[in-house]
Amino acid sequence: MRKPFVAGNWKMNKNNQEAEELARQLKEKIAAVEGADILICPPFTSLSLISKVIKDTGVFLGAQNMHWEESGAFTGEVSAQMLKSAGCGFVLIGHSERRKYFSESNQVVNKKIKAALKASLSPIVCVGETLEEREAGKEKDIVGCQLEEGLASLGEQDLGEITIAYEPVWAIGTGKTATGLQAEQMHAFIREWLEKKYSSSLSNDLRILYGGSVKASNTKELMGQKNIDGTLVGGASLDASGFAEIVKNSL
Ligand code: 13P
């Protein structure tokens, strides 16, 4: 049985004061929840602060990105070790906004995953097709290629530390959620891919999250699908009550 996993990606929102306030509200509403893993991914600047706020709760902390090198002359970048020391256990890798605005390729995603694993950070690897690609009937080819290249030369043990998030680009921030069926079809495809490439036990155990306009009102439909194990929530994770409701509807 895969434990439900609800992750909030705060993106580039909340200054330190606002982030602390949101984390405190969340702590009040969700810290006592059992039966789901809960993760929040604030901006880099508030990670250390939030780590203190949520310590002693079961809520996990993650970052939204990282560099693949351990240290050096990479102005403006942050390494896996730095995230670890700020209290992170997870990191989002290959989010579609990174791919789109910062030209992250599958090869870069692969390097970042390896660096995260080396630092004992659990990567949440994001995949998903654009509207154009879906309309051309290429969504499975695209996601298949993102998996093939993004996870290249990773072993079964490595995959044991990874979560995959399917986020169709056309559903992110648009209010247009994939239907339960559309999401389920892709999740089933990803699970089959994992089974073929690795093993049925890995494919059974690995959690696959859905992301793209998730809100409290569509969580139950999504979570009711056989291959959807959780959600990666953007906009709706910025409101403590809304996020708490999503968590509750995921149990
Ligand atoms: P929205 O929930 O705002 O559509 O964002 C989804 C997302 O990109 C989460 O990583």
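The structure reproduced in this document is the subject of the present report. (Residues numbered from 1 in each chain as written. Predicted model: local features only at pLDDT ≥ 70, side-chain atom pairs only at ≥ 80, totals over all residues. Heavy atoms only, no water.)

### A closer look at the packing of helix H7 (residues 139-150) against helix H9 (residues 180-197)
Put simply, the test is: The axes are straight lines fitted to the C-alpha atoms, using for helices just the contacting stretch, and the angles between their N-to-C directions are given from 0 to 180°. Secondary structure elements follow DSSP: runs of H or I of four or more residues count as helices, runs of E of two or more count as strands, with numbering from the N terminus. Just so you know how the angles are binned, under 35 degrees is roughly parallel, over 145 roughly antiparallel, 65 to 115 roughly perpendicular, and the rest oblique. Throughout, a crossing is termed right-handed when the near helix is turned clockwise from the far one, and left-handed when it is turned anticlockwise from it by less than a right angle. The contact criterion used throughout is that any non-hydrogen atoms of two residues lie within 4.5 Å. All residues other than Ala, Val, Leu, Ile, Met, Phe, Trp, Tyr, Cys, Pro, Asp, Glu, Lys and Arg, Gly among them, are scored as polar; the first ten of these are nonpolar and the last four charged.
It is at 11 Å that the axes of H7 and H9 come closest, and there the two elements cross at 40°. Between H7 and H9, the angle falls in the class oblique. Our pair here, H7 against H9, has a crossing hand that is right-handed. In this structure, H7 contributes Glu139, Lys140, Val143, Gly144, Leu147 and Glu148 to the contact, and H9 contributes Gln185, Met186, Phe189, Ile190, Trp193 and Lys197. By residue class, the composition of the contact of H7 with H9 is six nonpolar, two polar and four charged.

### Some details on the sheet that holds strand S7 (residues 208-211)
Here is the rule: For two strands to be treated as a pair, DSSP must find no fewer than two bridges joining them.
Reading around the circumference, S1-S2-S3-S4-S5-S6-S7-S8 is the order of the eight strands in this closed barrel, with parallel pairing throughout. Neighbour-to-neighbour, the strand axes of this sheet turn through a mean angle of 25°, independent of strand direction. Here strand S3 (residues 60-63) pairs with strand S4 (residues 90-93) via two bridges, running parallel. By the bridge assignment for S4, Gly62 is matched with Phe90.

### Examining the environment of Ser199
Structurally, the position occupied by Ser199 is in the loop between H9 and helix H10 (200-205). Taking the C-alpha atoms as reference, Ser199 lies 24 Å from Leu92; in sequence the two are 107 residues apart. Dropping the residues within four chain positions of it, Ser199 is found in contact with Glu156 and Leu194.

### Observations regarding the packing of aromatic side chains
Convention followed: Think of it this way: a Phe, Tyr or Trp ring, Trp meaning its six-membered ring, pairs with another when their centres are within 6.5 Å, and the plane angle makes it stacked under 30 degrees, edge-to-face over 60, tilted otherwise. Cation placement over rings: the criterion is NZ of Lys or CZ of Arg within 6 Å of the ring centroid and within 35° of the ring normal.
Within this structure, the stated rule accounts for four aromatic pairs. Counting every residue linked through ring pairs, the aromatic cluster contains Phe5, Phe60 and Phe90. Over the aromatic face of Phe102 sits the side chain of Arg98, whose NZ or CZ is 4.1 Å from the ring centroid.

### Focus: the site of the ligand
To keep things clear, this is the line we draw: It suffices for a single heavy atom of a residue to lie within 4 Å of a molecule or strand for the residue to be listed as near it. Polar contact is defined as a pair of N or O atoms within 3.5 Å, subject to the rule that within protein one atom must be able to donate a hydrogen and the other to accept it, and that residues adjacent in sequence are counted only when both atoms are side-chain atoms. Only the protein chains shown count as covering a residue, and every accessible area follows the Shrake-Rupley method with a 1.4 Å probe.
Around the ligand, the surrounding shell holds 13 residues, and the nearest of these are Lys11, His95, Gly173, Ser213 and Gly235. A distance of 2.8 Å is found between an oxygen atom of the ligand and a side-chain nitrogen or oxygen belonging to His95. Here an oxygen atom of the ligand and a backbone polar atom of Gly173 are 2.6 Å apart. Protein coverage of the free-state accessible area of the ligand, which is 310 Å², stands at 95%.

### Digging into the layout of surface pockets
Condition: Using a grid of 1 Å spacing that covers the protein atoms alone, one calls a set of points a cavity when a 1.4 Å probe fits there but cannot get out, and a pocket when the set is open and has protein on both sides within 12 Å along at least five of seven lines; lining residues are those with an atom within 4 Å of a point. Grid points are joined across faces, edges and corners, and a volume is the space filled by probe spheres set on the points.
Of the pockets and cavities examined, the largest pocket occupies roughly 420 Å³. Around the largest pocket sit 14 residues that line it, and Lys11, Met12, Gln64, Arg98 and Phe102 are the ones nearest its centre. Sorting elements by how many residues they give to the lining of the largest pocket places helix H4 (residues 96-101) first, with three residues. Its residues assigned to classes, the lining of the largest pocket shows six nonpolar, five polar and three charged.

### Overview of H9
Rule in force here: In this analysis, the expected span of each helix is defined as 1.5 Å times one less than the number of residues it contains. Each residue gets one of three labels from its accessible area relative to the maximum for its type: buried under 20%, exposed over 50%, partly exposed in between, using a 1.4 Å probe on protein chains only.
In a regular helix each residue adds 1.5 Å, so 18 residues correspond to 26 Å; H9 covers 25 Å between its end C-alpha atoms and thus fits that length. Within H9 the residues assigned to the buried category are Gly180, Ala183, Glu184, Met186, His187, Ala188, Phe189, Ile190, Arg191, Trp193 and Leu194.

### Side note on the nonpolar core
Applicable threshold: Only buried Ala, Val, Leu, Ile, Met, Phe, Trp, Tyr and Cys residues count toward a nonpolar core, and they belong to the same one when joined by side-chain atoms within 4.5 Å.
Within the largest apolar cluster, 65 residues are counted, with the highest numbers of intra-cluster contacts made by Leu151, Ile164, Ile190 and Leu194. Among the elements that line this core, the one with the most residues is H9, at six residues. Apart from residues no more than four positions distant in its own chain, Leu151 is found in contact with Asn110, Ile113, Val125, Gln146, Leu159, Ile162, Ile164, Trp193 and Tyr198. Grouped together as the second largest cluster of nonpolar side chains are eleven residues, Ala7, Ile124, Cys126 and Leu232 included.

Treat this as a map of the structure, not an account of what it does.
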